[in-house]
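Residue-level listing of the chains:
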Amino acid sequence: MDPKLINDCVHCGFCLPTCPTYVLWGEEMDSPRGRIHLMSQHVEGTPITPEMAGHFDACLGCMACVTACPSGVKYDRLIEQTRVEVEREHVREPQERAVRGIVFSLFPYPRRLRLLRPTLGLAARMAAFLTRVNPSLGAMAGLAPRVERRQPLPRVVRARGERRAVVGMLTGCVQREFFPQVNAATARVLALEGCDVIIPPGQGCCGALSVHSGRGDQARRLARRTVRTFERAGVDTVVVNAAGCGSSMKEYAELLGREPGFKVRDLSEFLVELGPVAKRHPLPLTVAYHDACHLAHAQGVRAEPRELLSGIPNLELREIPESAICCGSAGTYNIFQPRAARDLGDRKAGAVRTTGAELLVSANPGCTMQIAAAMRRAGAEIRVAHTAEVLDASLRGVSL
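The structure reproduced in this document is the subject of the present report. For clarity, every value in this text was computed on a predicted model and none was experimentally measured.

1. Comments concerning the overall build of the protein chain
Turning to step 1, where the next piece is worked out: For the protein chain, the helix and strand inventory stands at 24 helices and 9 strands.
Turning to step 2, where the next piece is worked out: Expected size for 400 residues packed as a compact globule is a radius of gyration near 21 Å; at 20 Å, the protein chain falls within 12% of this value.
Turning to step 3, where the next piece is worked out: C-alpha atoms of the protein chain, sized along the principal axes, occupy 65 × 50 × 45 Å.
Turning to step 4, where the next piece is worked out: A fraction of 77% describes how many contacts in the protein chain between residues 6 or more apart in sequence connect residues 24 or more apart.
Turning to step 5, where the next piece is worked out: As displayed, the protein chain offers around 17,100 Å² of accessible surface, 51% of which is attributable to carbon and sulfur atoms.

Listed below in structure tokens is the structure:
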């Protein structure tokens, strides 16, 4: 934990109403300001107690406080440094260690995730039973999405019409195995907008889940592999369609100690920078757009997805109340902190319902699963799609 970063906090409290856990519980130690006070205590020599670790674990890492802070406190760096300390010093209960072992030996490895695909339907039906066995296992089962058939992608998707750019595309882990239609739509949209899309084989995890959970060694190993993969592909820009992945990849220089040989851009960010050339066909839909925290707060990308959606004829974009409050997904948070995540998911589902929209659009697979599960619990299922899927339907003139 960097004392200089800790001392940047002037304890003004502007972060409090934006912090999801403070909104839920009203506890000072479960606010960014309170957690920074605990960090300061640890730097001054206080060991990390189970209670202290609990307050750090309860943080979603959503970075809403970073957006709200008038003093520019780098809470994102502080909480990541703190989680490394927690993992180094804090001894977790055996059951918790087992669940974390399952998650981090499974989710960062797409081939292992692929083995789960045939079991997702059964897992969803067993969620109630698994919750009684272990709340984290039950939460994992309850998040299981309806998975579409795999859509293998070629190594290169050629631009339609005049080539305007050459980009790499991250396929990800959860996105690749549980939402293959999103990657397929992303490649088509980029090609229709004049991009050669390079999709290197053998891609793995970018390291996002690990870095956000204090597992620095695993994060660096996965990040180095990702950097090597795209540097060998010879691209100068990598387009990412998952908010958490993009956020972590943009911080590779800090994680690895050197700048990678390419820029990282979120899909919506890249498309707005590139400018549209493909014709948009009408989509008569009412759409609620959900701000993924690691896109809106960590990357500062808010206007671009809205600009892309608003450019589709006959599409009506509706704003979700409390859009800055996290949905409770936050990478692995909804697995490790299932009760808080469920409360936040239900709160977000209620906000989505007030819009009366036909379709919810999200730019992160974790958010998609989290909000869809909360809507199912509320008996108000809603269709969910990625920004890429909506654009793809409009550009191809097909229904969504």
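2. Digging into helix α13 (residues 180-192)
Turning to step 1, where the next piece is worked out: Along its 13 residues, α13 runs 19 Å from first to last C-alpha, staying within 8% of the 18 Å computed at 1.5 Å per residue.
Turning to step 2, where the next piece is worked out: Most of α13 sits inside the fold, with 12 of its 13 residues counted as buried.
Turning to step 3, where the next piece is worked out: Where α13 is concerned, the buried positions are P180, Q181, V182, N183, A184, A185, T186, A187, V189, L190, A191 and L192.
Turning to step 4, where the next piece is worked out: At the exit of α13 stands G194, carrying a positive phi of roughly 95°.

3. Comments concerning the nonpolar core
Burial of nonpolar side chains together is a common tendency in soluble globular proteins.
Turning to step 1, where the next piece is worked out: Ranked by size, the top nonpolar core spans 53 residues in total, and within it L190, V197, F270, L271 and V390 carry the most contacts.
Turning to step 2, where the next piece is worked out: In terms of residue count, α13 provides more of this core than any other element does, 6 residues in total.

4. Overview of the sheet that holds strand β6 (residues 285-289)
Turning to step 1, where the next piece is worked out: The strand order β7-β6-β8-β9 describes an open sheet built from 4 strands, whose pairing is parallel. A single partner strand is all that each edge strand has here, and the edge strands are β7 (315-319) and β9 (383-386). Direction aside, the axes of adjacent strands within the sheet are offset by 35° on average.
Turning to step 2, where the next piece is worked out: Two elements, β6 and β7, share 5 bridges in a ladder whose sense is parallel. When the sheet's bridge partners are listed, Y289 is paired in β7 with E319.

5. Examining a positive patch on the surface
Turning to step 1, where the next piece is worked out: Together, R111, R224, R225, R228 and R232 make up a positively charged patch on the protein surface.
Turning to step 2, where the next piece is worked out: Considering the arrangement of structural elements, one finds R224 in helix α15 (residues 216-233).
Turning to step 3, where the next piece is worked out: Judged by relative accessible area, R224 falls into the partly exposed class, the value being 42%.

6. As for the packing of aromatic side chains
Turning to step 1, where the next piece is worked out: Taken as a whole and judged by the stated rule, the model has 2 aromatic pairs.
Turning to step 2, where the next piece is worked out: Here F104 and F336 contribute two aromatic rings whose centre-to-centre distance is 5.9 Å and whose plane-to-plane angle is 40°, an arrangement assigned as tilted. Here F336 lies in helix α21 (residues 333-336) and F104 lies in helix α7 (residues 94-104), a separation of 232 residues in the sequence. Accessibility assignment for this pair places F104 and F336 in one class, buried.

7. Considering the side chain of T18
Turning to step 1, where the next piece is worked out: Examined against the element boundaries, T18 turns out to sit in the loop between α1 (3-7) and α2 (20-25).
Turning to step 2, where the next piece is worked out: For T18, a relative accessible area of 18% corresponds to the buried category.
Turning to step 3, where the next piece is worked out: In this view, T18 contacts A64, C65, A68 and I325; residues no more than four positions away in its chain are not counted.

8. Some points on the sheet that holds strand β4 (residues 237-240)
Turning to step 1, where the next piece is worked out: On the basis of which strands lie adjacent, the open sheet formed by 5 strands has the order β1-β3-β2-β4-β5 and mixed pairing. The open sheet is flanked by β1 (156-157) and β5 (263-266), the only strands paired with a single partner.
Turning to step 2, where the next piece is worked out: Relative to β4, strand β2 (residues 165-169) runs parallel, the two being bridged by 2 bridges. Across the sheet, the residue bridging to M169 is V239, located in β4.

9. Some details on the environment of G350
Turning to step 1, where the next piece is worked out: Here G350 lies in helix α22 (residues 338-355).
Turning to step 2, where the next piece is worked out: Residue G350 is classed as partly exposed on the basis of its relative accessible area of 33%.

10. What about the pattern of salt bridges?
Turning to step 1, where the next piece is worked out: For the structure shown, the criterion picks out 26 salt bridges.
Turning to step 2, where the next piece is worked out: Notably, a salt bridge pairs R92 with E96, separated by 2.8 Å at the nearest N-O pair.
Turning to step 3, where the next piece is worked out: Assessed through its relative accessible area of 6%, R92 is described here as buried.
Turning to step 4, where the next piece is worked out: The partly exposed category is assigned to E96, whose relative accessible area is 29%.
Turning to step 5, where the next piece is worked out: Shared partners join several salt bridges into a network, and the residues in it are D57, E87, R92, E96 and R100.

11. Structural notes on unusual backbone geometry
Turning to step 1, where the next piece is worked out: For N314, which is not glycine, the phi dihedral falls at a positive 70°.
Turning to step 2, where the next piece is worked out: Along the chain, N314 turns up in the loop between α20 (303-310) and β7.
Turning to step 3, where the next piece is worked out: Residue classification places N314 among the exposed residues on the basis of a relative accessible area of 56%.
Turning to step 4, where the next piece is worked out: At E322, a position not held by glycine, the phi torsion is positive, near 55°.
Turning to step 5, where the next piece is worked out: Mapping E322 onto the fold places it in the loop between β7 and α21.
Turning to step 6, where the next piece is worked out: A relative accessible area of 41% means that E322 is categorised as partly exposed.

12. What to know about the pairing of β5
Turning to step 1, where the next piece is worked out: Residues of β5 alternate between two faces, with V264 and D266 buried on one and K263 and R265 left unburied on the opposite face.
Turning to step 2, where the next piece is worked out: Both β4 and β5 contribute to a ladder of 4 bridges, which runs parallel. Paired with V238 across the bridge in β5 is V264.

13. Remarks on the state of the cysteines
Turning to step 1, where the next piece is worked out: Scanning the entire structure with this criterion turns up 0 disulfides.
Turning to step 2, where the next piece is worked out: With no disulfide partner, C65 has as its closest neighbouring cysteine sulfur the one in C62, 6.3 Å distant.
Turning to step 3, where the next piece is worked out: Here C326 stays unpaired: no disulfide links it, and the sulfur of C293, its closest cysteine neighbor, is 3.7 Å away.
Turning to step 4, where the next piece is worked out: By relative accessible area, C326 is classed as buried at 3%.

The rules behind each value
Residues numbered from 1 in each chain as written. Predicted model: local features only at pLDDT ≥ 70, side-chain atom pairs only at ≥ 80, totals over all residues. Heavy atoms only, no water. Helix = DSSP H or I, 4+ residues; strand = E, 2+ residues; numbered from the N terminus. Rg over C-alpha atoms; globule rule 2.2 N^0.38 Å. Contact = heavy atoms within 4.5 Å. Areas by Shrake-Rupley, 256 points an atom, 1.4 Å probe, with all protein chains shown as cover. Expected span 1.5 Å × (residues − 1). Buried < 20%, exposed > 50% of the residue type's maximum accessible area, 1.4 Å probe, protein only. Core = buried A, V, L, I, M, F, W, Y, C linked by side-chain atoms within 4.5 Å. Pairing = 2+ DSSP bridges. Axes fitted to C-alpha atoms, helices over the stretch in contact; angles between N-to-C directions. Patch = residues over 30% accessible without salt bridge, like charges linked within 9 Å, V, L, I, M, F, W, Y side chains within 5 Å. Salt bridge = Lys/Arg side-chain N within 4 Å of Asp/Glu carboxyl O. Lys, Arg positive; Asp, Glu negative; His and termini not counted. Charge placed at Lys NZ, Arg CZ, Asp CG, Glu CD. Phe/Tyr/Trp six-rings, centres within 6.5 Å; stacked < 30°, edge-to-face > 60°. Disulfide = S-S within 2.5 Å.

None of this, on its own, says anything about what the molecule does.
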